[in-house]
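Results of the structural survey
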Amino acid sequence: MTQAPQAPLASVFPAPTNGNSFSYTQEQSEYIDKLRKGSYDFQWLNDPRPNWGIRSKMKNPDRGLTLQDINNAYAGIPEDAPEYRTMAPRGAVHDPDVPDMGYQYNQKYQVWADNVVALYEEACARQWSATRDIPWDGLKTLPDDVERAVCQIATLLTEVEMIASDFPAKWLWQMNQHFHEVKMFLCTQAMDEARHLEVFRKRALANGGGLMRCLTGTEMFLKTILHAPTYIQGSFLMHVLGEGLVLDIFRSGEFLARTKTDQEIFRLCMQDEARHVSYGTMHLKYFLEHHPEREKAIAEMHQLAELAEMGIPGFLTNPFIIEPLAVLMGNGVDGIDKGMEAVRLVWVRMREEYLNRCELAGFDRRSVTKVPVEAPF
Amino acid sequence: MPQFPSVEWFQAVSRRTEEDKQKFKLLGYVDADVGIKIDGNGAGAQSYLLKFRDYGVKSVELAKDLRGADFSIEGGLDAWSEMVRNIKANGEADIEHSLNRLTMADVPLKLVARDQLQADLFYRFNQSFQAFFNEAAHVPTEFPIAEGARK
């Protein structure tokens, strides 16, 4: 097992200690002397530089004071490229010698989406609890084949959902705090996905079934997302493609539910997932529209998409995915043939909605994609 | 007693959301212009534009077309009436009659949107839309003769 590298603590905490007594810096000592004489600094009170007198107005008191409200009042539109790499809030005054945080994503086009501020507020307003808000007492004993199908899908979703927490966690600290709304939205996404893991794990273990099989192919796709070399690549793989597919699974899950409990689980997850997909779609659009080398960026994204799209047929020709779906759709193994008709519908819808989202982002995949229009079965 | 469908009926459901505002507040606000298109058994289509704002519906209007809607849910009078009857019978839509379920396969209802981002609003605010229609359980409703005639 490897150990985490040692942090250069001395560079963070340079103040030396002297035996049992604490040593103050020259500046601290001078200030302490002033305090002992009853004199205060008050520089913060008299500093003329802060933009003072801001009074953000609630556009809608029913909702409360939103990010849009405060952005309308002050420092609302982030610059394309902030001068500093600091955690100082956008619009605040800061010391000229603040340390460089080492952010890698300092350009707006690398992280921004025009809907991200609204999506953050929406996410906060629509949080729910997997413990409290699911009618768990509505579960009822299902035939073994149907319960197994539910549990296989629940296992898959328990497995895949946390990628959308791990992925933003990996990139968050590398994003300049100037674009705090993006970071805040990604935090809501991480929480959403933690809740999805929670709710599907609970579902698998709550009704006489259990956790079932996880597949190498799924893990490989998750690894591709987690280890994507850049944020835009990972965001495309996860927000647009992966979560787009899962959004359709959630929608299908609500459609297939045999109990109110399952229906509520899928409906609530569907809402969350749709926010993530909306951010990803609009981020792709912003990225491509504002990239300094737009044509090159589009070409690179096409290369990525061509490889990634193979995941769609891979996902929908996997017996551990489509057969449980078909059993649920057919209400049992006896109805699997009928259920497969619905799986074919899901294939068409997944492909179509993915291509629609790409189109919306100004990224034409419809004319070049090799994903078959219809299921090959 | 308002007839389904009519502006008065949708307004009556909207009033219910006002009366139960705390419940809708817990679900989260909604910003969406939703079209409802109801094909009336050969008697032509009726379109309604419902402007969802905050925790309820700000306005309901009979619309000539639904180009102003973010998305619309479209289907025949029979399907719509069955959904409302089901809600009234069960106090809420049962698992066979949720909005998502009825639109999933494009029949009997269909989700129509200008683009995918607008269509995604249906998913993002789905629980609020379902809760809105579930309020129909509490609205005295007269069903149209055309729909009743099919029985």
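Before going into details, it helps to say that this report is about the structure given with it. Here the residue index of a chain counts from 1 through its sequence in written order. Labels follow written order: the first chain is A, the first ligand is 1, and so on. Only residues with pLDDT of at least 70 get local features here, since the model is predicted, and only at 80 or more are side-chain atom pairs given and counted; chain-wide, interface and lining totals rely on the full set of residues. Only hydrogens and water are set aside when side-chain values are computed; all heavy atoms of the structure are taken into account.

**Looking at the interface of chain B and chain A**
Working rule for contacts: check all heavy atoms of both residues, and any pair within 4.5 Å makes them a contact. Counting residues at the interface gives 33 residues for chain B, matched by 37 residues for chain A. Three residues, B:M104, B:Y123 and B:R124, lead the burial of chain B against chain A; their summed loss comes to 25% of the area buried on that side. Salt bridges are defined by distance alone: a side-chain nitrogen of Lys or Arg within 4 Å of a carboxyl oxygen of Asp or Glu. Our count for the chain B to chain A interface comes out at seven salt bridges. The closest approach of N and O atoms between B:R124 and A:E122, which form a salt bridge, is 2.7 Å. Each helix corresponds to a stretch of at least 4 residues labelled H or I by DSSP, and each strand to a stretch of at least 2 residues labelled E; elements are numbered beginning at the N terminus. For the side of chain B that touches chain A, the secondary structure elements donating two or more residues are α2 (21-27), β1 (30-39), α4 (99-104), α5 (116-124) and α6 (126-134) of chain B. Split into classes, the residues belonging to the side of chain B that touches chain A amount to 13 nonpolar, nine polar and 11 charged. Buried area is a sum: the accessible area each of two parts loses on coming together, probed at 1.4 Å, counted once for each and added. Gly falls in the polar group here, along with every residue not listed as nonpolar (Ala, Val, Leu, Ile, Met, Phe, Trp, Tyr, Cys, Pro) or charged (Asp, Glu, Lys, Arg).

**Some remarks on unusual backbone geometry**
Note the cis peptide between B:F4 and B:P5, where omega equals -5°. By the secondary structure assignment, B:P5 is in the segment before α1 (7-19). A cis amide bond links B:V107 with the next residue in sequence, B:P108, at an omega value of 5°. Examined against the element boundaries, B:P108 turns out to sit in the loop between α4 and β5 (109-113). Positive phi values are uncommon outside glycine, yet A:N331 reaches one of about 60°. Burial here depends on accessible area, computed with a 1.4 Å probe over protein chains only, as a share of the maximum for the residue type. Under 20% is buried, over 50% is exposed, and the range in between is partly exposed. Judged by relative accessible area, which is 49%, A:N331 ranks as partly exposed.

**What about the packing of helix α10 (residues 231-256) of chain A against helix α11 (residues 260-290) of chain A?**
Helices that pack against each other are described as a pair by the angle of their axes relative to one another and the distance between those axes. All names here are of chain A. One way to put it is that α10 packs onto α11 with a least axis distance of 8 Å and a crossing angle of 150°. The angle between α10 and α11 places the two elements in the roughly antiparallel class. By crossing handedness, the relation of α10 to α11 is classed as left-handed. Class assignment for the residues of the contact of α10 with α11 results in 16 nonpolar, nine polar and five charged. Note on geometry: axes are lines fitted to C-alpha atoms, helical ones only across the stretch in contact, with angles between N-to-C directions running from 0 to 180 degrees. Each angle receives one of four descriptions, namely roughly parallel if under 35 degrees, roughly antiparallel if over 145, roughly perpendicular if within 65 to 115, and oblique otherwise. Left-handed is the label given to a crossing in which the near helix is rotated counterclockwise from the far helix by less than a right angle, and right-handed is the label when the rotation is clockwise.

**What to know about the pattern of salt bridges**
Inspection of the entire model under this criterion finds 33 salt bridges over all chains. With a closest N to O distance of 3.8 Å, A:R366 and A:E359 form a salt bridge. For A:E359, a relative accessible area of 51% puts it in the exposed group. A cluster of three or more residues bridged by salt bridges with shared partners is formed by B:R16, B:E19, B:D20, B:K23 and B:E135.

**Focus on the nonpolar core**
In these notes, a set of buried Ala, Val, Leu, Ile, Met, Phe, Trp, Tyr and Cys residues joined through side-chain atoms within 4.5 Å is what counts as a nonpolar core. Membership of the largest hydrophobic core comes to 142 residues, with the highest contact counts inside it found for A:F236, B:F10, B:I36 and B:F129. Here B:F129 is in contact with B:V30, B:A32, B:V34, B:F52, B:F71, B:L99, B:L121 and B:F122, once residues within four sequence places are set aside.

**A short note on the sheet that holds β1(B)**
Residues and elements named next belong to chain B. Pairing between strands requires that DSSP locate at least two bridges from one strand to the other. Strands sit in the order β3-β2-β1-β4-β5 across an open sheet of five strands; the sheet is mixed. Pairing within the sheet leaves two strands with one partner each, and these edge strands are β3 (56-63) and β5. Strand-to-strand twist in this sheet, taken as the mean axis angle between neighbours without regard to direction, amounts to 20°. In this structure, strand β2 (residues 45-54) lies alongside β3, joined through seven bridges in antiparallel fashion.

**A look at the environment of A:D262**
Residue and element names in this part refer to chain A. Positionally, D262 belongs in helix α11. Given the relative accessible area of 4%, D262 is considered buried. A C-alpha to C-alpha distance of 37 Å links D262 and H302, two positions 40 residues apart in sequence. With residues up to four places along the chain from it excluded, the contact list for D262 reads L139, V150, R203 and A257. Separated by 2.6 Å, the side chains of D262 and R203 make a polar contact. Any pair of nitrogen or oxygen atoms within 3.5 Å is treated as a polar contact; in protein, a donor-acceptor pairing is required on top of that, and neighbouring residues in sequence qualify only through side-chain atoms on both sides.

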